[in-house]
Every structure is written in structure tokens, then in C-alpha cells.
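Chain by chain, the residues run as shown.
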Amino acid sequence: MDGGLLSPGLSGLRRTVRLTSAFTWLAGVAFAVQLVFAGAGPAHLPLAALALVVLAAWLRPGRDPWAVAAVEGVVILGATLVMPTPQPVIAFLFAVTVRRALRVGAERFPVRALPALVGYLAGLTWWLVDQPAAVTGPQVAANLMPLAGLVVESLALHEAVRATRLVERANRTLEAVVRASPVGLVLLDEEGRPALRNERARELLDWTGDPGDRVPCPHGPDLSRCTAGCRTAGEAVEVEVPRPGGITGVLAVHAVPIERRTLVTAQDVSKRRRFEEVLRARAERDELTGLAGRAHFLHLVDQALLAGEAVGLLVIDLDGFKEVNDADGHEAGDWYLVSAAERINRAAGPVAEAARLGGDEFAVLAPGHDVRDSARLATRVLSELARPLAGLGHDTAIRASVGIAVSRPGIGTADLLRDADTAMYAAKREGGARIRLFRPEMGEQVLARQRDKADLRTAVDEGQLVLHYQPIVDLATSEAAGAEALVRWQRPGHGLLAPGAFIGLAEETGLIVPLGAKVLAGACEQAMRWREQGRGLGVTVNVSTRQLSAPVFLPSLDRVLKTTGLPPTQLTIEVTESVWADEAAMRGLMEVRETGVRVALDDFGTGYSSLSYLQRYPFDVVKIDKSFTGNLDDTGRTAGVVRCIIDLAEVLGAHTVAEGIETEAQADWLRRAGCAYAQGYLFGRPDTPENWDSHPIAVS
Ligand code: C2E
Ligand code: MG
Ligand code: MG
């Protein structure tokens, strides 16, 4: 640490102080000697002795008692009377006063100098009174003028010394701060030499030479000549520097001009830089798959479009990912996503950038791709994904829906992405595992779909849903044993819509939950009305998997049964085989069954049928899909399958309902095959309960 920050000015002052101190001693000793040899009268020798006592007291550093000040006053008073000339006395008085002005901690100056001054004035007055004849104007002036000069001079000296001490203290504090600073600091003088620096600066700048010499910087041996930014005021330059152990550190060097000097700071910012790099990587990369993250990907698309580049954008959404996640767990889901990411990345190749937009949605940005190139790339992505994927306990292939949008002049990132997304949804709606290129009409379809969603929400809230009932007939008696509630939407301007037109949308948007709750409540109320009319008709309600897996389902079912008073056995819940793919829904269904509500398997034979599931989970009713009953007459094969289903249901303790019965021949065949119940246009189309009253079917 160089202490010379303020030294040129201070050392001059320090010399002045030293000289003045020497003078005071000289004056003091000369005064005592003159008292001994030049004094007159009997008191001069005791006065000389007292003067020596005073000088001895001066030797004790730091102490400045009043007693010494008083003795000084007495000696000066006596000396004015015994000395033939006033000069030695004035010189001693000067020595006393100046000595006090210079003393460390001379806060009490000039008070302690007063006794000497008073002694001199008293002696002078005495002399004037004692020898009035000798008093002349010039003589008085010769005695008083040095006194006035002495007072002023010693005051000035005192102030100068005090100021110096304050500056020195500030200097010391500043030096301590610089020394303790964790930042490397170097103050360069006008010649570029270090006027001030700390050890941290030496360490960081790898400055091994003479501390008074040139200061090196990361760009060269002389910081003051650096042209790479170390001496340029403003932004700090960050330079990579080698560190022991082969590590690369980062040094930030910053220059601040201070008058004609320059303060250079050096800071080790390696940690901050590493942290920033981690953050940037996290922001840019998707953590799970390592592909580009959404924000970074959109930024890349932005840049490509701004540069006027033609690009193809693929949005890829995995089909059936939710099922994998639900059936095999999140870990398997993650592994599935990582596998998909690897394959998409491989298909994208070195030029195109693959990204994960979120969830099971991926994207590829293909610079320079037109429609044809993009389609080829999309095909490559799908076939890469479709390669067998072993590891989930069962072999599977990754299926995906791909939407393509190709840039056109003036298009922005948001629009391009929306177009690719729209195309992807079109692919998904058409059953997935396909590629669709964006067409402008698709945008209109999306808008129409959004309108449908909003209208359906209104329909649920405002009671536009209507329940029709279709009789379920006991084949032995041809009488209605129950009725299936089938929902319709009385949509303003569109007429009465069948469920096929809106149930899918309701499931997609989650509206199926409130919609289903209304259907359930309406059907139970209707069943109670029939009971009150003396008709023992059970009611059957279709419930989708999404509804069943919602935790509110069971409590709301309980509430409906309680408020309507319908016995649980009079209610049948119909689910399709898709329920087996959803564990939560399956659990919900079994809980429903424990309450006494009956459970039917709808459209049996069309979906994900598995005998093991059928054996494991008990069902009360199996509904044979109309695709079987409609073909009964055609081939012996279908008849065999239907017979099989009836037998199987019987073994499992369930009874069968045949759906879609339109002819007497079908009804007869089923009756003979042992099927207990049937449902179809032959017995009655789904209709409102009001029309039921005039229904031709006999109801018990
Ligand atoms: P589903 O449960 O299999 O209902 C039977 C469907 O077959 C009904 O169609 C019905 O009108 C039709 N159908 C009945 N008899 C015959 C016949 O003899 N011949 C022919 N060709 N068809 C017949 P709908 O009403 O259009 O309902 C379609 C599907 O919508 C239902 O199939 C059911 O899965 C679903 N659905 C209906 N209402 C609801 C509901 O409230 N909630 C849920 N989640 N789904 C519902
Ligand atoms: Mg049904
Ligand atoms: Mg059905």
C-alpha cells in the first residue's frame, strides 16, 4: 500500500513543524542562559531555575498541565522586570505560544498560552508604571507590536497544523478503506504510475514487479497504454484470464477519471459470469430435453423473419401422451418426452433448430425451407418418431400430429406460430399421426371452434341443454325397463344438435364436468317423476372418462341422489372402454359402484377391450355396440361374436343390452340368444319425456 497519496503537501508542512519545534527549544534554552548571565537583580537566578523547570516539563511528551503554563507566566513576568531588553522575553513568549500551537491535541490552545501572554502584559505594565520617565511611544510600540504579530502568527500556525492533522487522519482512513477493499484499486497519476494501490489489485492484475513501476493489465504490461478498453472511462471491460489450476477466470476492469488521475478498479467476476451463463443456458434450453426452450426458440424465429429469411415452422404435438403419463407414471412420461426430443432433433439435422415449446409440444425451425422441404422434414420427423420404442414394459411407437406453416413476406413470429399450431390441431382433429400444412381456411375453422366453445359455455349456463330419453326394453316382455338419457343442445340458429356435435368439444374444454352434472341431475329428477307416476323406470346416464376422473364427481353424484331421493339402484352410469386407460377414472367408477349405483360398459367391442380388465373390474351391464347388432343378419361370424359377448357377460354376472335394434328379426335373434335387454329405433327413438307419455311402447 503506497502511503504517498497526499504526501507532497503534507511533508512540507511537517518540515515546517519540525523547524518551528527546533526553534522553540533553541529560544527556550537561549532564554534560560540569558537569564543566568544577562539578568539583573536578585530574582534572575531563581527565574533561570524556573525556566529550566519549564524546559524540563516540555520534555515530557503529551503532558501540558496548567501548573507548567502558570510557571511560564511567572517566569515571563519576572523576566520582563529583570532583563535589560525585552527581545529574549518576546522570543521565549514566542517559543511558548508556538509550542502550544504545534502540540498534538492542542485543542485547548490558545487558553494554555494565556498565562505566558498575561505574564508578559503584566510585566510590561509594571515596567511602564515603575519607570514612567523611560516610557516613549516607540519603545511601547517595540514591545507591543511583536506581541500582536506573535498572537496572529501562532493562531495561523495552529490552524494550519490542525488542518493538516485532519487531512492526515482522512488520508489514513482512505488508505485503510483501499487496503480492505475486496476490489482491486489502483490510482494512476498523470504519468500512468501507481500513486495508490492495494494488494488485491496486485493479485488480480498478476502484478509481480516493483510496486512503483508500471501497472500491467490483462491486455499488456502497461495499463496506462492499454488500447483495449482498460483505460477508457465508461463500461467495464471483461477479460478472460487464466487462473491457477487451468481454470479460466473473468476479470472486470473499469477506469474512472479523477481530476488528472485515473482510478482503475479490477474485480474478479468469474462467479457472476458462471452464474449468468447457467441462467442463460436455463433460459435458452429446455431442462428436461436439452432442446431450445420456448422463449429462445421464438427469439430465433424472430431473428430469422427479421433477416427476411424464408423459414418453415413445424409444430409437433405427441398423440396420446397423456395416456402414457397416466398409465406409466411421470418418470416414464419424462423418458418418453426425452426420447421424442432426441428423435425430433435427429430428424431436424444440423441446420434446423428443434425446440420444446412446453408439455408434449415440440417445434422445428427450418431455415430456407419451402412447403415441399418442410413437408419432407415433417415426414422425416414422423418416421423417426415411429421407430419402435422399447422401455415402457411394452413396445410402443411415438405418434404425433404435425402442423406446418411457411413464412410469407411480412408475417410475424406470433402469426407464423399460430398458423403452424392451427395446422397441427387440424392434424389432431383428423385423428393424429399425420401432417397438415396450414391453409387460411383453417384459421376460420379455429375461429368457428372458439365461437362454438363460447356458445357451449353459454348453453350449459343458460339451460339450452335438453334431455331426450330412449327406452331400454326387456326382450322377454317387450316392455320398457329403463331409459337412457341422451343430451341434445337446442342451439339458437342451429336447431337441435346431437351429442356428436358438441361432446368432444365439451371434453376438450372441461365443460363436460358442469354439462355432465346437469345431465345427471336432470335424469335423476326425471326418474323420480316417473316413480311418482308409478312407472318403475331406471335411468341410464352417459358419463365421460374426464368427468369420472374429476374429484368432484362422486360428491356431486351423492348430492343429486340425496336431493332427488332416487334409490341408487335405479341409476346406471354408462362408460366406454376408454375408461380403462385412465386409472383415476377407473378408481372413481369403482367408488361409484360401491354406493349401489349400477355401472354399464357402453359400446362394448368397439374400443380398447380387454378380457383381463373385464374380469378385474365388475360391471353390471354390458351394452353390445350397434355395429354388431346391425350386422347380425349378414354373416355367421358377427352372430358368433355377439353370442360370445352374451355368454361372457353372463359368466361375469352382468346382463346384456343390445344397442341399435331396428328390426323385429334382430330382436328375435337376440331374444333367442339369451340377451336380456335391447334398445333401438324399433322400440323408440330418443325423445322428450312429454312425447314419451303418448309413446306406443308399453311401459310397466
Ligand atoms: P350411446 O351412449 O351409445 O347412445 C346411443 C346412441 O345411438 C344415441 O345417439 C342414439 O340416438 C343412437 N341410437 C339409438 N338407437 C339407435 C338405432 O336403432 N339405430 C341407430 N343408428 N342409432 C341408434 P346419440 O343420442 O346421438 O348419442 C351419441 C353418443 O353421445 C352416445 O352414444 C353417448 O356416448 C354420447 N352421449 C349422449 N349423451 C351424453 C351425455 O349426457 N354425456 C356424455 N358424456 N355422452 C353422451
Ligand atoms: Mg350410452
Ligand atoms: Mg352405445
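What you see is a predicted model, and the numbers here were worked out from it, not measured in a lab.

## Description of the environment of H330
- Tracing the backbone shows H330 in helix α11 (residues 330–348).
- Residues H330 and L417, spaced 87 residues apart in sequence, show a C-alpha to C-alpha distance of 28 Å.

## Some words on the domain arrangement of the protein
- The domain architecture assigned to the protein consists of domain 1 (9–174), domain 2 (182–273), domain 3 (285–438) and domain 4 (454–691).
- The C-alpha-based centres of domain 2 and domain 4 are spaced at 81 Å.

## Focus: the coordination of the magnesium ion (ligand 2)
- Protein coordination at the magnesium ion (ligand 2): the donors are E484 (OE), N542 (OD1), E574 (OE) and D602 (OD), at 1.9 to 2.3 Å from the metal.
- Counting residues between consecutive donors of the magnesium ion (ligand 2) along the chain gives the motif E-x57-N-x31-E-x27-D.
- In this model, the magnesium ion (ligand 2) sits 4.1 Å from the magnesium ion (ligand 3), the two metals being bridged by D602. Of this pair, E484 sits in strand β12 (residues 479–491) while E574 sits in strand β15 (residues 571–575); the two residues are 90 residues apart in sequence, bridging distant segments of the chain. We note that E484, like E574, is buried.

## Digging into the sheet that holds strand β3 (residues 237–243)
- One open sheet holds the 5 strands; their spatial order is β2-β1-β5-β4-β3, and the pairing between them is antiparallel. Looking at the sheet topology across the chains shown, the edges are occupied by β2 (194–197) and β3. Strand-to-strand twist of the sheet, defined as the mean angle between neighbouring strand axes without regard to direction, takes the value 25°.
- In this structure, strand β1 (residues 184–188) lies alongside β2, joined through 3 bridges in antiparallel fashion. Each bridged residue has a counterpart across the sheet, and for L188 the counterpart in β2 is P194.

## Some points on the packing of aromatic side chains
- Within the structure shown, the criterion is met by 8 aromatic pairs.
- Seen in terms of ring centroids, W58 and F92 are 5.9 Å apart; in terms of plane orientation they differ by 15°. Their pairing is stacked. Taken together, the residues span a long stretch of sequence, with W58 in helix α2 (residues 44–59) and F92 in helix α4 (residues 87–102) at a distance of 34 residues.
- Here W58 falls in the buried class, since its relative accessible area comes to 5%.
- In this structure an aromatic cluster arises from ring pairing among W25, F31, W58 and F92.
- Taking NZ or CZ as reference, R197 lies 5.8 Å from the ring centre of W207, over its face.
- Of note, R202 hangs over the ring of W207, and the distance from its end group to the ring centre comes to 5.4 Å.

## Structural notes on the nonpolar core
- Core analysis: the biggest nonpolar cluster contains 74 residues, and L571 and I573 have the highest contact counts within it.
- Broken down by element, the residue count for this core peaks at 9 residues, all from helix α16 (residues 512–532).
- Ignoring any residue separated from it by four or fewer positions in sequence, one finds I573 in contact with L520, V541, V543, F553, L589, V592, V597, R598, V599 and A600.
- By size, the runner-up hydrophobic cluster in this structure holds 30 residues, among which are L35, L55, I76 and L117.

Thresholds applied
- Residues numbered from 1 in each chain as written.
- Chains lettered and ligands numbered in written order.
- Predicted model: local features only at pLDDT ≥ 70, side-chain atom pairs only at ≥ 80, totals over all residues.
- Heavy atoms only, no water.
- Helix = DSSP H or I, 4+ residues; strand = E, 2+ residues; numbered from the N terminus.
- Domains from an automatic or database assignment.
- Donors = N, O, S within 2.8 Å, 3.2 Å for Na, K, Ca; no water.
- Buried < 20%, exposed > 50% of the residue type's maximum accessible area, 1.4 Å probe, protein only.
- Pairing = 2+ DSSP bridges.
- Axes fitted to C-alpha atoms, helices over the stretch in contact; angles between N-to-C directions.
- Phe/Tyr/Trp six-rings, centres within 6.5 Å; stacked < 30°, edge-to-face > 60°.
- Lys NZ or Arg CZ within 6 Å of the ring centre and 35° of its normal.
- Core = buried A, V, L, I, M, F, W, Y, C linked by side-chain atoms within 4.5 Å.
- Contact = heavy atoms within 4.5 Å.

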